[in-house]
Amino acid sequence: MAKSIVSAILENLRSLIMIPDEIKHKVEVALNLEEEIRKMTSHFQDILLVLKDAEMKQVKDASVRNWLKKLKDVAYDVDDVLDEWNTAKLKSQLGKEQREVQNFPLLKKIRYSISSCTSQSILYYNIASKIKGLNEQLDCITTEKDRYRFGLEKGIEEPERQITASFIDKEEVYVRRQETIILVNMLVGENSNGGGSSFRVISIVGMGGIGKTTLAQLVYNDNEVESHFDKRIWICVSNPFDEIRIAKEILEAFRGETPNLFGKDNILQQIRSHILGKKILLVLDDMWTEDATKWEQLRNSLRYCSPGSRILITTRKERVAIIMGTTTANLFPLHPLSQEECWSLLSHRAFYGRTSEECENLEDIGRKIAEKCQGLPLAAKILGGVLQFKRTGEQWQSVLDSEIWDLQGAEHDLFRPLFLSYYELPLALKQCISYCAVFPKDKILNKDELIKLWMAQDYLKGAKCKEMEIVGEEYFDKLKMHSFFQDFKKVELDSDIIECKMHDIVHDFVQLLTKTECLVLAINGFEELGVGSSCDKARHVTLICKEAVPIDPNIYCFKKLRSLLIDSSNHDTSSLSASLPKLFDQLTRLRTLNLSNSLFGNSIEELPDQIGKLVHLRYLNLKHNRKLKKLPESLCELCNLQTLNLTWCDSLQELPCGIGKLINLSHLENELTDLSLMAMPKGIGRLTNLQTLRVFVAMDGGINSKAASLGDLRSLIHLRGHLKISGLGVVWDVTEAKKAELQNKKGLRSLILDFTNGKRLKSERPLRRYDEILLKALQPPPCLEKLEIWYYSSSTIFPNWMLGLTKLQHISLGFCFHLNFLPPLGKLPSLESLYIGKMRSLKEVGVEFLKVERQEISLSSSAESSVSSIIAFPSLKHLEFSYMKEWHDWIPLTSEGKEHINIMPWLCSLTIDSCPKLSALPYYVLQNKSLEQLEISQSPILSERCRKDTGEDWLKISHIPSIIIDGLCMQANCSSVEEFGVLQLQPLHSM
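Since this is a predicted model, take the numbers as computed values, not measurements.

Draft legend 1. Examining the overall build of the protein more closely. Check the secondary structure of the protein and you find 33 helices and 31 strands. Scored against the burial criterion, the 991 residues of the protein give a buried share of 54%. Looking at the protein alone, contacts between residues at least 24 apart form 72% of all its contacts between residues at least 6 apart. Accessible surface for the protein amounts to roughly 42600 Å². Of this, 50% is attributable to carbon and sulfur atoms.

Draft legend 2. Local environment of the nonpolar core. Counting residues in hydrophobic clusters, the biggest one holds 140 residues, and the most contacted among them are L564, I725, F881 and W890. Lining this core are residues from two domains, each supplying at least three of them: domain 3 (678–808) and domain 4 (839–853 + 869–990). With sequence-adjacent residues up to four places away left out, L564 is seen in contact with V541, L543, I555, L583, L587, L590, T592, L593 and N594. One finds I382, L453, F476 and L512 within the second-largest nonpolar core, a separate group that totals 91 residues.

Draft legend 3. Up close: the packing of helix α20 (residues 447–456) against helix α21 (residues 468–481). For the pair α20 and α21, interaxial distance at closest approach is 9 Å and the crossing angle is 115 degrees. For the element pair α20 / α21, the angle class is roughly perpendicular. Where α20 crosses over α21, the handedness of that crossing is right-handed. Facing K447, D448, L450, I451, W454 and M455 of α20, the residues of α21 in contact are M468, E469, G472, E473, Y475, F476 and L479. For the contact of α20 with α21, the class distribution of residues is eight nonpolar, one polar and four charged.

Draft legend 4. Molecular detail of unusual backbone geometry. We note that Q374 has phi near 55 degrees; this positive angle belongs to a residue other than glycine. Along the chain, the position of Q374 falls in the loop between α15 (356–371) and α16 (377–388). Under the relative-accessibility criterion, Q374 is labelled partly exposed at 47%. Phi is positive for H624, close to 70 degrees, though the residue is something other than glycine. In this structure, H624 sits in the loop between β13 (619–621) and β14 (643–645). For H624, a relative accessible area of 15% puts it in the buried group.

Draft legend 5. Structural context of the pairing of strand β20 (residues 786–790). Of all five residues in β20, five are buried, a share of seventy percent or more. Residues K786, E788 and W790 line one face of β20 and the alternating positions L787 and I789 line the opposite face, and both faces are buried. Bridging between β20 and strand β21 (residues 810–814) involves five bridges; their strand directions are parallel. Paired with I789 across the bridge in β21 is L813.

Draft legend 6. Main features of the confidence of the model for the protein. For the protein, mean pLDDT is 84; residues scoring 70 or higher make up 84% of the total. Below pLDDT 50 for its whole length, residues 155–169 participates in 27 contacts with residues either more than four positions away or in separate chains. Here residues 974–991 scores under 50 on pLDDT; set against residues more than four positions off or in separate chains, the count is 46 contacts.

Draft legend 7. The environment of K948, seen in detail. Within the secondary structure, K948 is located in the loop between α31 (940–945) and α32 (954–957). On the basis of relative accessible area, K948 is assigned to the partly exposed category, the value being 37%. Sequence-distant contacts of K948, defined by excluding residues within four places in its chain, comprise W954 and M970. Within the structure, the side chain of K948 is placed 3.3 Å from the backbone oxygen of M970, a separation counted as a polar contact.

Draft legend 8. Fine view of the packing of helix α14 (residues 339–350) against α15. Where α14 meets α15, the closest approach of the two axes is 9 Å, and the angle between their N-to-C directions is 115 degrees. The interaxial crossing formed by α14 with α15 has right-handed handedness. Across from Q339, E340, C342, W343 and L346 in α14, the residues of α15 making contact are E363, G366, R367, I369, A370 and E371. Residues belonging to the contact of α14 with α15 are distributed by class as follows: five nonpolar, two polar and four charged.

Draft legend 9. Structural context of the sheet that holds strand β30 (residues 962–965). Read across the open sheet, the 11 strands follow the order β17-β18-β19-β20-β21-β22-β25-β28-β29-β30-β31; overall the sheet is mixed. Since the sheet does not close on itself, it has two edges, and those belong to β17 (695–697) and β31 (968–969), each with one partner. With five bridges joining them, strand β25 (residues 878–882) and strand β28 (residues 909–913) adopt parallel strand pairing. From the neighbouring strand, E880 faces β28, where its bridge partner is T911.

Draft legend 10. Here's a closer look at the environment of K629. Take K629: it is sitting in the loop between β13 and β14. On the basis of relative accessible area, K629 is assigned to the partly exposed category, the value being 49%. Residues K629 and I604, 25 residues apart in the sequence, show an inter-C-alpha distance of 9.3 Å. Residues in contact with K629, not counting those within four places in the same chain, are E605, S651, L652, Q653 and E654.

Draft legend 11. Just the packing of aromatic side chains, in detail. What the rule picks out here adds up to 26 aromatic pairs. Relative to Y423, the ring of F419 has its centre 6.2 Å away and its plane inclined at 10 degrees; by these criteria the two rings are stacked. With F419 and Y423 both in helix α18 (residues 410–424) and four residues apart, the pair spans about one turn of that helix. With a relative accessible area of 14%, Y423 lands in the buried category. Aromatic side chains F881 and W887 sit 4.7 Å apart centroid to centroid with 45 degrees between the ring planes, which places their arrangement in the tilted category. As far as burial versus exposure is concerned, F881 and W887 are alike and both buried. Taken together, the aromatic side chains of F849, F873, F881, W887, W890, Y923 and Y924 make up a single cluster linked through ring pairs. The positively charged end of R232 is found above the aromatic ring belonging to Y220, 4.6 Å away from the centroid. In this arrangement the basic side chain of K838 is found over the ring face of Y883, its NZ or CZ atom lying 5.1 Å from the centre.

Rules behind the numbers
Residues numbered from 1 in each chain as written. Predicted model: local features only at pLDDT ≥ 70, side-chain atom pairs only at ≥ 80, totals over all residues. Heavy atoms only, no water. Helix = DSSP H or I, 4+ residues; strand = E, 2+ residues; numbered from the N terminus. Buried < 20%, exposed > 50% of the residue type's maximum accessible area, 1.4 Å probe, protein only. Contact = heavy atoms within 4.5 Å. Areas by Shrake-Rupley, 256 points an atom, 1.4 Å probe, with all protein chains shown as cover. Core = buried A, V, L, I, M, F, W, Y, C linked by side-chain atoms within 4.5 Å. Domains from an automatic or database assignment. Axes fitted to C-alpha atoms, helices over the stretch in contact; angles between N-to-C directions. Parallel < 35°, antiparallel > 145°, perpendicular 65-115°, else oblique. Left-handed = near helix turned anticlockwise from the far one by under 90°. Nonpolar A, V, L, I, M, F, W, Y, C, P; charged D, E, K, R; others polar. Pairing = 2+ DSSP bridges. pLDDT = per-residue confidence, 0-100. Polar contact = N/O pair within 3.5 Å; in protein donor to acceptor, adjacent residues only side chain to side chain. Phe/Tyr/Trp six-rings, centres within 6.5 Å; stacked < 30°, edge-to-face > 60°. Lys NZ or Arg CZ within 6 Å of the ring centre and 35° of its normal.

Below, the structure written as C-alpha cells:
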C-alpha cells in the first residue's frame, strides 16, 4: 500500500513547480523551494523502484515492516501538504473568477490583489517549511533503505485479464450437496415437530472460512424449507452480541419496516405477538457470545412460536452452541472439504474461459495448489480467483512456489491464500480493499457509498479519460472476482449489485494489513487502545456510539485522521453537537466525515462555522439529521468536496447561497429535503460536475431572484440516475422549463415531476391547464426507464413525447385530481409496471388506455393470420389501481376487437385498492392465463364478484394461483404474495 501512496505523490509533485509568478521569487529566496521539491521527487523515485520487493519481504521481516510504516507515515504527511497547496491554488483561481464576474471597481481589485498576495505568500512560506522538514525525514528513510538491499522492480505491472462474465454466488452448492440434504432434513423432517419445546436449536459448528454461512444460506433458500415455515428470518449476529439490535431486526422482518420502539420489554412483547402460532425459522449467523444471560430473554420470547419452529446457528465454538441450547443430536460439525472437493471448487474458477487443452496442461500444478487450501472453501475460491488471471504453467508454478506458504503462526494458516491474492492485485486495488478495514465486522457495505469513500481518498484517479465512479465500479468488480466481497444483494428488478459484505476472515486479514492505520473503536474504547501509542499512526477511524454521551476528548489527539466515520445506528447524533466545533478545529486533515444519524433519533441541530476549516474534505454525510435546519456559508469554502449527503434532512430550510463555489461536487444526495426546502440557491447551476442531484426544488424567477429556476438545470449535463423536480405548481415560465433541456441529460434513468406548490401542500390544487404546457416542455431523455407524475392539475395528460420513451419500464401517476382520462400507454414496448392512484375525477378506463385505434382493429380482423397482430401493453407485469373513488367502469373491447388484440400477455400481478364503485373486471383480466396474483381490497362490489365459490366471477379467476380479497387468502397457494406485492411505488405510497 505504501507504493500506491508514493505513486500518487510523484504524480502531484510534477505540477508543484508552478508557483504563482507574483510570489514565486519571495518563496524561492526564503527556502529554495524548487530545489526542495526536486529533492523530494528524487527521493520518492528511488524508493518507488524497490517498494515491490519491500512489500513482499515485510510479510516475514519485521524490520522491513517497520521501515514501510515510517515511509507510509511520511508519505501521508507529504500528501496532505501537497493537497493543501493545490487547494490554495484552486481557491485563488475561484476568487479571481468571482471578482471578474462581479465586476469589482478597479481600486477594490487592487486592494484585494495586495491582500491576497500577502496571505498567499504566508501560506506558501508555511508549505515550503513543511516540505523542507519532510525532506529531512526522507533523508533518513532513504539511507535506511539502502541497508536492506532491496531488489529493483523490473518491467511494468501486468494488466489484469478482463472477464466477460461473473460467477454464480452459490458455487459451493456442488461440494456441499450432501450436507445440505442432511441439514434440510433436520429442519423439516418427520421428527421436526418433536420435543416439549416449541422450537429446537440446531448449530453448524466449524472453523473460520470452512463455509458455515454458505451452508446456512443454501438450506435457508431451499424450496422445501421455504414452503415448510410460515416465516424465515436471517440475522447476522457477530460480536458483540447486541440483544436489542437483534430483537429489532426480528421485529423488522415481520413488520417490513424499522420499528420505532424503545425499551427491550416493548420490543420483546411485540415479537411475542407477531410469532404467536407461527412456525418460524430463525437463523443466527456468526454467534460468539458465551454469556447465556444475554440470550435468555430473547429466547423466552421465541417460545410463543408454533411447534416445529427452528433456530439455526452458525458458530466457530461448540461451547457457544451448547450455551444457546443445542443438544448433542442437533450439533452439525462442518468438516473441511476433501482434496477432490477443494480441487472442484478451485478449478471451477481457475479454468473459467479456458480451452480443454489448457485445463489439461494446468491440472497437475492446480491439484498441488488445491492441497494448500487445507479443505477450506474460502481458500479454494480465493486461490481460484488468483489462478484465473494466470495464463501460463510458469505463472501457476510461481504461485505454488511462493514464499507465502512458509509463513508461520496460527493466524497465517488462514491468511496465506489471502496474502497471495492481495499481492497479485494492482496498486489501486490494494488501497481500496485495505481501506475496508475501517468498517466494523459484518458491516453491510453499500457499493455506491463505498466507491464514494474510495474517491474521497483519491484511490480512483489512475485511469485517464474515465470518470472516477466508473473506475470505482471496475475496481469493485475485480475485488469481487478475487473473493474479497460476498453476500451480494441486487436491485429487485435489475442485475446491479447494491450491497455486499466481507467474510470475517477477509476482514481480519485487511485489519492485519492496516493494524494501527485503520481502527474501529467504541466511544468508550480509547483506554483499551492506549491512545498515546496509536493516535499518530491512525488515519481512518470508525467510532461506534452506543449511548448518548459526548465524544471522548482523546479523539482530538488523532490529528492526522483522514476518515472519521461516526456510527450512530444504535443511538443518535444529538450528543455530538457540543463536540463539533473543537472536532473541526483539531482534525483538519479529514477527507471523509460521516455524521449520519439513526432514522428516528435526535439529531444535530446546527453545523458550526468551523466546518470551513476542513479544507481537505471530500465526503460529508449528514444523512437522517432530521433537526438540522441550516448549513453555514463556511461549508462553501470546501472546494474539494465531492459528496454531500443530506438525505432525509427534512427540516432543512435552505442551502447556503455560496454553493456554486463547490466546483468539485459530484454527488448532492438530498432526497426528501423538499419537504422543508423552499428553493435551490442560484449558484447550483455552476456545479457542472454534478452527477447526482436527487431533488431540485423549482421556483418561479419572478418570486425570488436569489433562487435557482428550472433553466439553471441546463448546465448540469452530467446528471444521472434519479431526479425529482418538485414545486412545479408555482412555475409559470415555460421558457425556463425548455431551458432545462432535460432531454439532453442522457444519464437520467428515473424522473419524478411533482406539481405541488411552493408550500409543498399535498391538498387538492385547483384546475390549472398551464400544467399541460409545462409538462410538454419538460421532455425527458429517450433513455428514461422510470417516470412518476404527481399532483398534476390539468384534465388531460398526454405530452407528445410520452410514446417516444421506448425504454420506459415503470410509470406512476398519482394525485392527478382533475384527470378525466388515462393516457394511452398500451403501445409503450418496455413498460413493466404501472401505478394509477388518487384520481378523484376519473370515472372510467376505456379502450383509449390500451392505445388501440379502430383502423388497427379493422386491419387485424381482415388479416388471414389467426395470431393476434396487435398487442397492448406487450411487457406489462405489474398493474395497480388505488384510491379511485369515482371509478365505476373498466370498459372492455368490443366483440370485434376481442379476437384480434392480445392485451397484457405477461401480466403477473394486479392490485385493486379502495375503488368502491368499480363494478367488474374486463374479460382480458378475468381470462388472463399469465396472472399469478390478484389482490382486491376496500372495493366491495368487486370483492363480492370475486368471492370464492359464491362470487359471479369466481370460476373465471379461479385459475389464478394467488387471490387475496380484503386481506384474506382465497387460494391455497399464497406464497407468491411476498414475491410480487407492490414493487415499484413506495415513494408515492409513503405520502
